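For reference, the chains in residue letters:
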Amino acid sequence: MRRLLLVHVFVCCLSMARPFCPSQCTCVFHGRTDGTGKRSVLCNDPDMSDIPVNVPVDTVKLRIEKTMVRRIPTEAFYYLAELRFLWITYNSVSSVDTASFYNLKVLHELRLDGNMISVFPWESLKEMPRLRTLDLHNNRITYVPNEAVPHLVNITYLDLSSNKLVTLPSDLMDIWPPFNGAPIFSNASQKVVLGLQDNPWFCDCKISKLIELSKMTGTPVVLMDLLMACSGPENLAGVLFQRAELDNCIKPSVMTSATKITSPLGSNVLLRCDATGFPTPTLIWEKSGGLQVNNTVQESPGEGVRWSIMSLHGILHKDAGNYSCRAKNVAGNADATITVSVAGSISTTILPLRPSTETEVTSQGTTFTTPTDTTSSPSTTSTVLTRTSTTVIPKKPKTTTTLTTTTIVQKGLIKQAKPQQEGNGRKLAADEKSKKSDASKSVKDLKIVEETTDTAVLLWTADGLPNDAPLTVVYSPYDEDDIKRTLETDAGSGKVLLEGLSSGMRYSVCLVAKGSAAGKDPCIDFYTLDDVEDGGQSPLFIIISGITCALVISLIALLLYKILILFCTRQGTASDEEELEKDSYVKFETISMKQRTLNSNPSELWARRATNESERMLLCSRSSIDSQMTYKSDSSRCEYLC
C-alpha cells in the first residue's frame, strides 16, 4: 500500500513538472531515444488577437498562423532563448516594434509572410545574429532603406516578393557576388536565394545591378523568378529585365596619374585620379587595410566626370603603402591603386665616451658610472652611444634624447690613479680642442625663398660639416620665444620646408648644429605673404583699375577714329569737286531755227545761240527735252522755274 502511494505521488509530481501549454495553442514534444528532444507550438485559433505570453521556455519552433493578431509587442519572445524557428504567417500584423525580437540569439528562420506590414524594423535584425531566412512575402512594404543593408549580409534566403517595392538601395547587391568582388564559382555550395518578383519596379540606374543579375548565369545569387518586368518608366513598361536596356547608366571608370611613386623622405606628394560614369560617380581614397584618407580635394568639371587629388605633406616611412581611389555610382563601382614608396633613412651619429673612474655627466644629460672596485678582477669599461633623435631649442636648453648603451668589459690591468688622471687630463684637453674645431664648422648663407601665406623654404650652405651632420631648425614668430617649432634635418639636404605659418607675420628661424657655441647659431628673419582674401581690397582695386584702363583706352581709340574719318572726308570732298569740274560738266549749245527771209540760203535752217543764252534756255520749262519742239522767235518770252 505504501509503495502504491509513493508511485501516485511521483506521477503527480511529473505531471506538475510538465510545461504549461497556452489554451489556444497546441504543444508537441518531439522526443528522441537519447533522452533529448525539441518542442514545437502551433497557435492557429481564429479568435486569438494577442501574441501568447505563456509559451513553454524550451520551445524550438513557434507557429502563429491565421489569427487576428495585429501587432507584435516589445520583447514578445525574450524568454524563448532556445527558439530557432518563428513563423507568424497569414495574420493581420501591421505593426512590428524595433525590440519585438529581443533576445532571440539563436533564431535561424523568421517568416512574416501574408500580413499587412508596410514598414519593417530592419535594425531589429541585429538582435538575431544567426538569422539566415527572412520571409516578408505578400506584405505592403514600399521601400528598403540603405540602413538595412548591413543587417542583410548573413541572410541566405530573402523573400520580398508581392510587395509594393519600386526600387532598391544601390548598395544592396554589393553584399553578394559578383558585385562584392568575390570570385564566382558555379558549383558553390552556399547559394543566396532572392525573391523579388511581383513588385512594381521602376527600371532606372538604381536597380541596374538587379537587371544585370537577371541576365547572368552561374552566379551564387539565385532569383526565384527570372521573368521580372518593369512597370516604369513608360518606354520600358512591361519589358522583362532580361531585355531591358537602360539609357544614361554607365559604370564608373577610374584612371590614375601613376601606378608607382617613389618620393624622398620629408617631401610632399600629390596623388590624382580621374573617374567617368553616369550618374557622376563619387570618389574616396583608402589606404591599405581600408583606412579612409580625408586630406583630399575633388571637383566635377562636368556631368559624368569627376577628379580628386590627395596630398601627403612631409611624407614619412609610415606613409608608404597602397592608396586606392574608389569611384562609385548607382550603376556600379571601380577602383585604381597607386603604390607609394619612401626613399631615404634617418641618419645616426655614434659618439664615443671616454672611460673614467668617477661619475660623469654626458652632454645629453645622461649619467654613466664605471665600476671603481678592482680588487679581484681589474677591468676596463668602454661605452658607445648611438644617437637616434635629438631636439634642441636655443635659449632654453631642454633636450630629449634616446640613447642605446653597449658596455664591453675586457680583462686587463688598471694603472695607478695618478698616471690615469694625467692620461685623462691629456685626453680631455684633446677632446676640448676637437670640440672647438667642430664648433668653427657651421652653416652659412641662410636665405628664405618661395614665401607664401603659410609656408616658406629655408636654404643654407654647409661650411665644413659632413652631409649627415644633424641640424635642428628652430623657428617662431619674431620676439615670441615661447612659441617655437623645431624640425630635424641634416646638413647635406641644404633646404627645409617651414609649414604652419601665419600670413603677414614676421618670423625668426635659426639653424642649430651639434657642438656649436651658444648664442652663435645663424639666424634670419623673414615675412610671410599677406592673405589677399582677408583684406578684400586688392582684388577690388585691381578690378576698378582694369575697368578704368579699358574705358580710357576705348575713348582714346574712338577719338582717333573720329579724327581719321574727318580727315579722310575732307580730302575726299576736295578731290570730288575737282573731278566734277573736270569731267562732269560740259558746255551746252542751243540750236534754233533761223528766221525765214527772202534772201536767205534755204540750206541753212539752224542757227547757234550764244553760250549764256543756251544756259538760260536750259532753265526754261519750255526748253526741256520733254517739251514739244516749236518755233520761237528771238523775241519770245521764256518762263523760268527758278
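Residues numbered from 1 in each chain as written. Predicted model: local features only at pLDDT ≥ 70, side-chain atom pairs only at ≥ 80, totals over all residues. Heavy atoms only, no water.

Caption draft 1: Main features of the overall build of the protein chain. Helix and strand content of the protein chain: six helices and 36 strands. Evaluated residue by residue, the protein chain yields a buried proportion of 30% over its 642 residues. Long-range pairs, those at least 24 residues apart, make up 57% of the contacts in the protein chain with a sequence separation of at least 6. Accessible area for the protein chain stands at about 40600 Å²; split by element, carbon and sulfur atoms hold 55% of it. (Helix = DSSP H or I, 4+ residues; strand = E, 2+ residues; numbered from the N terminus. Buried < 20%, exposed > 50% of the residue type's maximum accessible area, 1.4 Å probe, protein only. Contact = heavy atoms within 4.5 Å. Areas by Shrake-Rupley, 256 points an atom, 1.4 Å probe, with all protein chains shown as cover.)

Caption draft 2: Unusual backbone geometry, seen in detail. Omega for the peptide link from G232 to P233 comes to 0°, which places this bond in the cis form. Looking at the secondary structure, you find P233 in the loop between β13 (230-232) and β14 (250-256). Following F278, the chain continues into P279 via a peptide bond in cis, with omega recorded as -5°. Secondary-structure assignment places P279 in the loop between β16 (269-278) and β17 (282-287). At E75, a residue that is not glycine, the phi angle is positive and equals roughly 50°.

Caption draft 3: The pattern of salt bridges, seen in detail. Scanning the model with the defined rule gives 13 salt bridges in all. One salt bridge connects D171 with K328, and the closest N-O pair in it is separated by 2.7 Å. With D171 in the loop between β9 (157-159) and β10 (192-195) and K328 in strand β21 (residues 321-329), the pair connects residues that are 157 residues apart, well separated along the chain. D171 gets classed as partly exposed once you look at its relative accessible area, which sits at 25%. Measuring nitrogen to oxygen at the nearest pair gives 3.1 Å for the salt bridge that ties R272 to D274. Judged by relative accessible area, which is 32%, R272 ranks as partly exposed. (Salt bridge = Lys/Arg side-chain N within 4 Å of Asp/Glu carboxyl O.)

Caption draft 4: Spotlight on a nonpolar patch on the surface. The grouping of I543, I547 and L551 at the surface amounts to a nonpolar patch, some 300 Å² of accessible area in total. Checked against the element boundaries, L551 lands in helix α5 (residues 537-584). By relative accessible area, L551 is classed as exposed at 53%. (Patch = residues over 30% accessible without salt bridge, like charges linked within 9 Å, V, L, I, M, F, W, Y side chains within 5 Å.)

Caption draft 5: Examining the state of the cysteines more closely. Tallied over the entire structure, the rule returns six disulfides. Between the sulfur atoms of C25 and its disulfide mate C43 the distance is 1.9 Å. Between C25 and C43 the disulfide shows an S-S torsion of about 105°. By sign, it is right-handed. Note that C25 is positioned in strand β1 (residues 25-31) and C43 in strand β2 (residues 37-43), a separation of 18 residues in sequence. You'll find C25 and C43 in the same group, each marked buried. (Disulfide = S-S within 2.5 Å.)

Caption draft 6: The nonpolar core, seen in detail. The biggest cluster of nonpolar side chains holds 62 residues, and the ones touching the most others in it are L62, F77, L86, F101, W122 and L134. When residues of this core are traced back to their parent elements, those giving at least two are β2, β3 (59-65), β5 (85-89), β10, α2 (208-214) and β12 (221-223). With three residues, the top contributor of residues to this core is α2. Among residues more than four places away in sequence, those in contact with F77 are I51, L62, I72, L86, I88, S100, F101, Y102 and L104. (Core = buried A, V, L, I, M, F, W, Y, C linked by side-chain atoms within 4.5 Å.)

Caption draft 7: Quick peek at the sheet that holds strand β22 (residues 332-343). Pairing is mixed across the open sheet formed by five strands, whose spatial order is β15-β22-β21-β17-β18. Both outer strands of the open sheet, β15 (260-264) and β18 (291-293), are each paired with one neighbouring strand and no more. Pairs of neighbouring strands in the sheet enclose a mean axial angle of 35°, with direction left out of account. The pairing of β17 with β18 spans three bridges and is classified as antiparallel. In the strand pairing of β18, W285 is matched with V293. (Pairing = 2+ DSSP bridges. Axes fitted to C-alpha atoms, helices over the stretch in contact; angles between N-to-C directions.)

Caption draft 8: Inspection of the sheet that holds strand β34 (residues 523-527) at higher detail. The strand order across the open sheet built from four strands is β31-β30-β33-β34, with neighbouring strands paired in antiparallel fashion. Because the sheet does not close on itself, it has two edges, and the strands there are β31 (485-490) and β34. Taking each pair of neighbouring strands and ignoring which way they run, the sheet shows an average axis angle of 25°. Here strand β30 (residues 470-477) runs beside strand β33 (residues 506-513); their pairing, made up of seven bridges, is antiparallel. Note that in β33 the partner of Y475 across the bridge is V509.

Caption draft 9: Looking closely at the confidence of the model for the protein chain. Across the protein chain, the average pLDDT comes to 76, with 67% of residues at 70 or higher. In the predicted structure, residues 7-18 sits below a pLDDT of 50 and forms zero contacts with residues beyond four places in sequence or in another chain. Per-residue pLDDT stays below 50 along residues 621-642; that stretch engages in 23 contacts with residues further than four places along the chain or on separate chains. (pLDDT = per-residue confidence, 0-100.)

Caption draft 10: Just the pairing of β16, in detail. Because side chains alternate across β16, one face comprises the buried residues V269, L271, C273, A275 and G277, and the other comprises L270, R272, D274, T276 and F278, none of which is buried. Relative to β16, β14 runs antiparallel, the two being bridged by five bridges. Note that in β16 the partner of T256 across the bridge is C273. With eight bridges connecting them, β16 and strand β20 (residues 305-312) associate as antiparallel partners. When the bridges of β20 are listed, V269 appears paired with L312.

Caption draft 11: Expanded view of the environment of P522. Examined against the element boundaries, P522 turns out to sit in the loop between β33 and β34. With 12 residues separating them along the chain, P522 and C510 place their C-alpha atoms 5.6 Å apart. Among residues more than four places away in sequence, those in contact with P522 are V443, L446, V509, C510 and L511.

Caption draft 12: Representation of the packing of aromatic side chains in the model. This structure, assessed with the given rule, holds three aromatic pairs. Both rings, one in F120 and one in W122, keep their centres 5.0 Å apart while their planes meet at 75°; by these two values the pair is edge-to-face. Comparing F120 with W122 shows no difference in burial state: the two are buried. Consider the rings of Y507 and F526, whose centres lie 5.8 Å apart with planes at 20°: the pair is stacked. (Phe/Tyr/Trp six-rings, centres within 6.5 Å; stacked < 30°, edge-to-face > 60°.)

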